[in-house]
Amino acid sequence: MSKPTTKVHNIGVLSDRQYLKQSAAVCPVCQSSQITSETVDADGASGSANVTCTVCGSQWTDIWRVTGYDNLNEGMSEAEIEAIEAKVEKVRKDKENQGHGHGNQGGKKK
Ligand SMILES: [Zn+2]
């Protein structure tokens, strides 16, 4: 109990709010920005990362969450998508017509 310690006391450690105010880019203990983080878990909309302060040696886990998305770059325009859907529909109809009245769908190709 009376053992002297070099450990930093919890007093003065940043709270969640203070930590976020610093963009989670500083050590909650010594407030150095010399920290390295490694994502250890990512599951869809949330995840966590192990963070180490290279100055005081503190380690902690960042908890992060996706809050939305930005800069969406759509692969196709609406017109292109409609054109593809029309093609798919045409192929489907052609297939239906071919198999009509025979009942040997999936048979030999021409
Ligand atoms: Zn530190």
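Shown above is the structure to which this text applies.
To keep things clear, this report deals only with the structure shown in the data block. The structure presented is a predicted model; accordingly, all values stated were derived computationally and were not measured. (Residues numbered from 1 in each chain as written. Predicted model: local features only at pLDDT ≥ 70, side-chain atom pairs only at ≥ 80, totals over all residues.)

On to helix H2 (residues 78–98), then. Taking 1.5 Å as the rise per residue, H2 with 21 residues should run 30 Å; its terminal C-alpha atoms sit 30 Å apart, in good agreement. The element H2 is barely covered by neighbouring structure, given that only zero of its 21 residues are classed as buried. (Helix = DSSP H or I, 4+ residues; strand = E, 2+ residues; numbered from the N terminus. Expected span 1.5 Å × (residues − 1). Buried ≥ 20, exposed ≤ 12 C-beta atoms within 10 Å, placed from the backbone.)

Turning our eyes to something else, we now look at the pairing of strand S3 (residues 59–65). S3 sits mainly on the outside: zero of its seven residues count as buried. Pairing of strand S2 (residues 46–53) with S3, which is carried by seven bridges, proceeds in the antiparallel orientation. Pairing of Val 51 across the sheet is with Trp 60, part of S3. Here S2 folds back onto S3 in antiparallel fashion, the turn holding five residues, of which Gly 57 has a positive phi close to 80 degrees. (Pairing = 2+ DSSP bridges.)

Moving on, we get to the sheet that holds strand S1 (residues 35–43). An order of S1-S2-S3 is seen for the three strands of this open sheet, with the pairing classed as antiparallel. Each edge of the sheet is formed by a strand with only one pairing partner; in this case those strands are S1 and S3. Taking each pair of neighbouring strands and ignoring which way they run, the sheet shows an average axis angle of 25 degrees. (Axes fitted to C-alpha atoms, helices over the stretch in contact; angles between N-to-C directions.)

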